Amino acid sequence: MAHSPSAAAAETSTTSAFTAAVGSFLLWGLVNPIYFKLLNGIGAVEIVAHRILWTVVLVGGAVLVLKGPAAVVAAVGGWKRLGIFVVTTLLVTANWTTFIWAIVNNRLVESSLGYYINPLVSVLLGVLFLGERLNRRQIAAVAIAALGVGSLVVSHGSVPWVALVLASSFGVYALVRKKAAIDPVIGLLVETLLLIPAVLGYLLWLGGQGSFGHDLGGSLLLVLAGPMTAVPLVLFMVGAARLKLTTMGLLQYIVPTGQLLLGVLVYGEAFTAAHGIAFACIWAALLVFSADAFTTHRAARAAAAAE
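## Focus: helix H10 (residues 225–242)
- Here H10 is 18 residues long and its end C-alpha atoms lie 27 Å apart, about the 26 Å a rise of 1.5 Å per residue gives.
- Listed as buried for H10 are Ala-225, Gly-226, Met-228, Thr-229, Ala-230, Pro-232, Leu-233, Phe-236, Met-237, Gly-239 and Ala-240.

So, in structure tokens, the structure goes:
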């Protein structure tokens, strides 16, 4: 029996969300690190300032054309809603600054450790705050991944602050965004707009000492910080709005795998035995989770066809 129109629409929506999520993680894991490496020699704070400025220009223009300023006012709503945006702004700023600092200071492998931990944080937050439940195969997948991450933490020899800041800031950011049901594009615009006074003040203070305007290539790279920021974040939020947080959490292993491979194979950072163990454990966990997802999806389609 054919699917009902509503079931077919739901399946299409889920597939689109899955595609958007995977696309965001590929951009974060491979494209963004390469791009920010090209800005090597520019301070992390200056890069973040331009990232915010050009994100406002890009996203603000799109929102004004497609939705109008009234949509931004409606999204903020009142003081309570504005307070939520202040929280998400602080979280995403901490994440961006730490990530860029790690890249320009040749700490991409440590950054990958943070994004290996982050999915576990997302899974934990989904269970604790969203009432999501894990079956036995999913629990096994999370346990195997945790074993691999644990080997990296133990081998680090000191508190991996870069990894911990990246994992905790983005995990909580995703949770707050999901619970508040914030529009992906307008939410990003409001978050960056809240930072514009500080950004403009900083760039004016830099004046001629800043990197922008000295050569065409470098200036264009700084302007590209806008789309390089907006596109993956919006794709992520499109996926997060439809998919379970536990699914998003495990898919996020695409990001640290890409970063780890870049750091070791392209930029010559160290790859230890602990990294090898973690890599094997995490991909074993992904295989377990993927097999469970495939089985669940096939059972759901069989049940829908029977109806």
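Now that the structure has been shown, the text picks up again.
## Here's the deal with the side chain of His-50
- You can see His-50 is positioned in helix H2 (residues 44–66).
- If we ignore the near neighbours within four places in the chain, the residues touching His-50 are Leu-203, Phe-212, Leu-222 and Ala-225.

## Notes on the confidence of the model for the protein chain
- Averaged over all residues, the pLDDT of the protein chain is 84; the fraction at 70 or higher stands at 93%.
- Here helix H11 (residues 245–251) is the element of the protein chain with the lowest mean pLDDT, 73, and helix H4 (residues 79–104) is the one with the highest, 92.

## Some details on the packing of aromatic side chains
- Under the counting rule described, the total for this entry stands at 14 aromatic pairs.
- Relative to Phe-236, the ring of Phe-25 lies with its centre 5.9 Å away and its plane at 65 degrees, an arrangement referred to as edge-to-face. Taken together, the residues span a long stretch of sequence, with Phe-25 in helix H1 (residues 5–37) and Phe-236 in helix H10 at a distance of 211 residues.
- One aromatic cluster in this structure is built from Phe-25, Trp-28, Phe-170, Tyr-173 and Phe-236.
- A cation over a ring is seen here: Lys-37 above Tyr-267, with NZ or CZ 4.9 Å from the ring centre.

## Thoughts on the pattern of salt bridges
- Scanning the model with the defined rule gives two salt bridges in all.
- Of the charged contacts, one joins Arg-107 and Glu-110 as a salt bridge, the two residues approaching to 2.7 Å between their closest N and O atoms.
- Residue class for Arg-107 comes out partly exposed when judged on its relative accessible area of 27%.
- The exposure class of Glu-110 is buried, given its relative accessible area of 9%.

## Some remarks on the nonpolar core
- Core analysis: the largest hydrophobic core is formed by 62 residues, its most contacted members being Phe-25, Phe-36 and Phe-236.
- It is H2 that provides the largest number of residues to this core, a total of 10 residues.
- Leaving out residues up to four positions away in the same chain, Phe-25 has contacts with Phe-236, Met-248, Leu-251, Gln-252, Ile-254 and Val-255.
- Grouped together as the second largest cluster of nonpolar side chains are 23 residues, Ile-117, Ala-163, Leu-286 and Phe-289 included.

The rules behind the values
Residues numbered from 1 in each chain as written. Predicted model: local features only at pLDDT ≥ 70, side-chain atom pairs only at ≥ 80, totals over all residues. Heavy atoms only, no water. Helix = DSSP H or I, 4+ residues; strand = E, 2+ residues; numbered from the N terminus. Expected span 1.5 Å × (residues − 1). Buried < 20%, exposed > 50% of the residue type's maximum accessible area, 1.4 Å probe, protein only. Contact = heavy atoms within 4.5 Å. pLDDT = per-residue confidence, 0-100. Phe/Tyr/Trp six-rings, centres within 6.5 Å; stacked < 30°, edge-to-face > 60°. Lys NZ or Arg CZ within 6 Å of the ring centre and 35° of its normal. Salt bridge = Lys/Arg side-chain N within 4 Å of Asp/Glu carboxyl O. Core = buried A, V, L, I, M, F, W, Y, C linked by side-chain atoms within 4.5 Å.

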